[in-house]
Amino acid sequence: MRENGLTRRSVLSGAAALLGGAAAGSTIPMATAEPGTAAAVPPGPVVRPGDPRYPDLMTGNNQRFVARPEYVKLITSTADAENAVRDAVRAGKRVSVRGGGHCFSDFVCNPEIEVILDVSAMTDVYYDERMRAFCVQSGARLTNVYEALYKGWHVTIPGGVCWSVGIAGHVAGGGYGLLSRAQGLTVDHLYAVEVVTVDARGGVRTVVATREADDPNRDLWWGHTGAGGGNFGVITRYWFRSPDARGTDPADQLVSPPSTVLVSAVEFDWDELDQASFTRLVRNFGTWHERNADPGSATTAVSSLFNVSHRAHGSMGMFTQVDATAPNARRMLDDYLAAITEGVAARPRPAKAPIGELGRLPIDLGEPRELPWLQAARLVGTNNPTITDPTSRGVHKSAYLRKAFTDEQCAALYRGMTGEDFTNPDTMLVLLSFGGRVNAPERGATAHAQRDSAFKMCLQTFWNSAEDDDFHIAWARETYRGMFAATGGVPVPGEHADGCYINYPDNDVAAPEFNRSGVPWQALYYRENYSRLQQVKKRWDPADHFRHALSIEPAR
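Treat the numbers as computed from the prediction; the structure is a model and nothing was measured. (Residues numbered from 1 in each chain as written. Predicted model: local features only at pLDDT ≥ 70, side-chain atom pairs only at ≥ 80, totals over all residues. Heavy atoms only, no water.)

Caption draft 1: How the structure looks around the overall build of the protein chain. The helix and strand tally for the protein chain stands at 14 helices and 19 strands. What you see for the protein chain is a C-alpha radius of gyration of 23 Å, in line with the 24 Å of a compact globule of 556 residues. Expressed as a percentage of the 556 residues in the protein chain, the buried residues total 62%. Taking as baseline every contact in the protein chain between residues at least 6 positions apart, the subset at least 24 positions apart corresponds to 73%. Accessible area for the protein chain stands at about 20,300 Å²; split by element, carbon and sulfur atoms hold 49% of it. Averaged over its 56 positive side-chain charges, the protein chain has a centre that lies 4 Å from the centre of its 63 negative ones. (Helix = DSSP H or I, 4+ residues; strand = E, 2+ residues; numbered from the N terminus. Rg over C-alpha atoms; globule rule 2.2 N^0.38 Å. Buried < 20%, exposed > 50% of the residue type's maximum accessible area, 1.4 Å probe, protein only. Contact = heavy atoms within 4.5 Å. Areas by Shrake-Rupley, 256 points an atom, 1.4 Å probe, with all protein chains shown as cover. Lys, Arg positive; Asp, Glu negative; His and termini not counted. Charge placed at Lys NZ, Arg CZ, Asp CG, Glu CD.)

Caption draft 2: Layout of the pairing of strand S7 (residues 125-128). Neither face of S7 is open: one carries Val-125 and Tyr-127, the other Tyr-126 and Asp-128, and all of them are buried. By the bridge criterion, four bridges tie S7 to strand S8 (residues 133-137) in an arrangement that is antiparallel. From the neighbouring strand, Tyr-127 faces S8, where its bridge partner is Phe-134. (Pairing = 2+ DSSP bridges.)

Caption draft 3: Representation of the pairing of strand S10 (residues 204-210) in the model. The buried fraction of S10 is high, at six of seven residues. When strand S9 (residues 190-198) meets S10, the two strands line up antiparallel, connected through seven bridges. Each bridged residue has a counterpart across the sheet, and for Val-193 the counterpart in S10 is Ala-209. Hairpin geometry of S9 and S10 is characterised by an intervening segment of five residues between the two adjacent antiparallel strands and by a positive phi of about 90° at Gly-202.

Caption draft 4: Structural view of the sheet that holds strand S11 (residues 234-240). Strand order in this open sheet of five strands is S7-S8-S11-S9-S10, and the pairing throughout is antiparallel. In the strand order of this sheet, the two ends are held by S7 and S10, each with one partner. Neighbour to neighbour, the strand axes of the sheet diverge by 20° on average, direction disregarded. Running at roughly 50° to S7, helix H4 (residues 142-153) makes contact with S7 and S8 of the sheet. (Axes fitted to C-alpha atoms, helices over the stretch in contact; angles between N-to-C directions.)

Caption draft 5: Focus on unusual backbone geometry. Although it is not a glycine, Arg-132 sits at a positive phi angle of roughly 50°. Note that Arg-132 resides in the loop between S7 and S8. Phi angles above zero are rare outside glycine, and Arg-527 is one such case at about 50°.

Caption draft 6: Spatial organisation of the state of the cysteines. Per the stated rule, a full pass over the model turns up zero disulfides. Just so you know, Cys-109 is unpaired, no disulfide at all, and the nearest cysteine sulfur is the one on Cys-103, 8.3 Å from it. According to the relative accessible area criterion, Cys-109 is buried, its value standing at 6%. Residue Cys-500 stays outside any disulfide, its sulfur separated by 11 Å from that of Cys-458, the closest cysteine. (Disulfide = S-S within 2.5 Å.)

Caption draft 7: Spatial organisation of the confidence of the model for the protein chain. Scored by pLDDT, the protein chain has a mean of 92; 93% of the residues are at 70 or more. With pLDDT under 50 throughout, residues 1-33 is counted as low confidence; its partners more than four residues away or in other chains account for 81 contacts. (pLDDT = per-residue confidence, 0-100.)

Caption draft 8: Structural view of the packing of helix H8 (residues 275-291) against helix H9 (residues 329-341). Here H8 crosses H9 at 135°, and the two axes come no closer than 7 Å. In terms of axis orientation, H8 runs oblique to H9. Together, Leu-281, Asn-284, Phe-285, Trp-288 and His-289 of H8 and Tyr-336, Ala-339, Ile-340 and Thr-341 of H9 make up the contact between the two elements. (Parallel < 35°, antiparallel > 145°, perpendicular 65-115°, else oblique.)

Caption draft 9: A look at the side chain of His-189. Within the fold, His-189 resides in the loop between helix H6 (180-183) and S9. The residues contacting His-189, other than those within four sequence positions of it, are Pro-158, Gln-183, Arg-211, Trp-239, Phe-240, Arg-241, Ser-242, Pro-243, Leu-254 and Val-255.

Caption draft 10: Just the pattern of salt bridges, in detail. Considering all chains together, one arrives at 32 salt bridges under this definition. Arg-443 is the partner of Glu-528 in a salt bridge, and the nearest nitrogen-oxygen pair spans 3.2 Å. Placement of the pair is Glu-528 in the loop between helix H13 (521-526) and helix H14 (530-540) and Arg-443 in the loop between strand S18 (427-433) and strand S19 (455-463), with a sequence separation of 85 residues. Classification of Arg-443 as buried rests on a relative accessible area of 18%. (Salt bridge = Lys/Arg side-chain N within 4 Å of Asp/Glu carboxyl O.)

Caption draft 11: How the structure looks around helix H10 (residues 373-381). Among the nine residues of H10, seven are classified as buried, and the element is accordingly described as predominantly covered. The inward-facing, buried residues of H10 abut H4, strand S12 (260-269), strand S14 (315-323) and strand S16 (369-372).

Caption draft 12: Structural view of the environment of Thr-248. Looking at the element boundaries, Thr-248 is found in the loop between S11 and S12. For Thr-248, a relative accessible area of 66% translates into the label exposed. As for Thr-248 and Glu-370, which are separated by 122 residues in sequence, their C-alpha atoms are 33 Å apart. Once residues within four sequence positions are removed from consideration, Thr-248 is found in contact with Tyr-127, Arg-132 and Gln-253.

Caption draft 13: Helix H3 (residues 78-91), seen in detail. Its 14 residues give H3 an end-to-end C-alpha distance of 20 Å, which sits within 8% of 20 Å, the value for a rise of 1.5 Å per residue. Taken residue by residue, H3 has Thr-78, Asp-80, Ala-81, Glu-82, Ala-84, Val-85, Arg-86, Ala-88 and Val-89 as its buried positions. Packing partners of the buried residues in H3 comprise strand S4 (71-74), strand S5 (95-98), strand S6 (115-118), S9, S10 and S11. A positive phi of about 70° marks Gly-92, the residue just after H3. (Expected span 1.5 Å × (residues − 1).)

Caption draft 14: Summary view of the packing of aromatic side chains. Summed over the entire model, instances satisfying the criterion amount to 26 aromatic pairs. Ring geometry for Phe-285 and Phe-306: centres 5.9 Å apart, planes at 45°, overall tilted. Linking Phe-285 in helix H8 with Phe-306 in strand S13 (residues 302-309), this pair joins segments that are 21 residues apart in sequence. For Phe-285, a relative accessible area of 0% translates into the label buried. A residue is classified by how much of its surface remains accessible, and Phe-306, at 0% relative accessible area, is buried. Taken together, the ring pairs connect Phe-104, Tyr-176, Tyr-400, Phe-434, Tyr-501 and Tyr-504 into an aromatic cluster. Above the plane of the ring of Tyr-501 lies Lys-456, whose end atom (NZ or CZ) is 3.4 Å from the centre. The lysine or arginine in question, Arg-532, covers the ring of Trp-222, its NZ or CZ lying 3.7 Å from the ring centre. (Phe/Tyr/Trp six-rings, centres within 6.5 Å; stacked < 30°, edge-to-face > 60°. Lys NZ or Arg CZ within 6 Å of the ring centre and 35° of its normal.)

Okay, here's the thing in structure tokens:
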């Protein structure tokens, strides 16, 4: 494999010298060359207004949010990142940090930003012998990470589906995917993080923080296990090693994915669904996950994406994956599909239409098929035409659920998905499998606090014209508010819900007109971990250089 002119052999040969003479957890001397190179990586360009590249760098995946910075600094190395931060701090510029550009809110791109620091050119993936962990630079995209880890060492991290999501923000917010019920969150395998930080006097330095109990900078590692991106500094590298890893063989340092998986893709015709069948179908999904949320469940090999699409789409689709090497894999899949369809008049048929944000699958998976794991990951990961549309505008609202939706919640959802005054087919409630090994760690083990949920949801709709913004945003607000009317319009942690996912950020939860619960937005995203995160912020970014609409506030 060759990336940025580096062969795997050259990367590996340089890995042992990665940290020079610095110990893990210490400040990195910036004379140290980037791994795999004989000399320092040349700095990236500075792109200003008037440069033909500038228009492409003013915004990210969601075209609702646009910045007009004085410049965009394209970063190529840790040293480049440190110099870029130092220049911005000395000039007193408001900065934001971009990796994959998939932020659902205005954290990166908004009119207040004067400098965007873009790490998307930092894409190397390699094994670091000194750290006994796999190093991933912060600009790498998920599918590139999966391919490099799997082809090189037959290992992986349990991360997200969409190929183009950047690793930096995904991991910082917790990270999860189709392997998470069996293997936990991405951050459950995070060993270390490298961050460019700014102290109270404006001094800039690069720090490596590990999960080792005696690491004096361990709190910085902890802050990157669920706080979300853009809070503490510029992430330049992650290192991954599973907590139970032993020995020195690279192949033993991370979990391995199944060699093959059983995959199924079915859809339910809206013409066959009345409100009673709709309610039963949606509740069945929640009930199954509620009953199988325990870390010791025998069903952790099963994971599913159920796109409850708007009636205008014509159907609702569900993609399910099961570890084909698990005992009784086919029976588990059959039992799962039977549980989801129990008592539902509409019968599942092979998925022919796009499944929500996933494009139309190129193969018929009405009859489950066994595929190599990486092939299956590509099948769903590279097939997201809605969310990767470069002209797309969107609104997104999330929740973690402990129990199946109530009848009242299903009624609110049904109204939203069938109203005659709203007929956008690119509208869906995505229901995502959670629980299993995700729920094994204690709530405070990582900054990601949702450790006893059963499934999660993302209500979203996509469109392409700015003149339609208010219409679509109003629909999402009304539907979401109706689903959580019993708790002030938001998923307050309690018997049924467990707050929101910071990687699906929604500025509305911080606004009293939309969050009428009396529960602060910080408790929705971080629960009781927020005060600890404030201490991390106070230590590592006390002047609040890295901030956005929902960022951690330094402790006072």
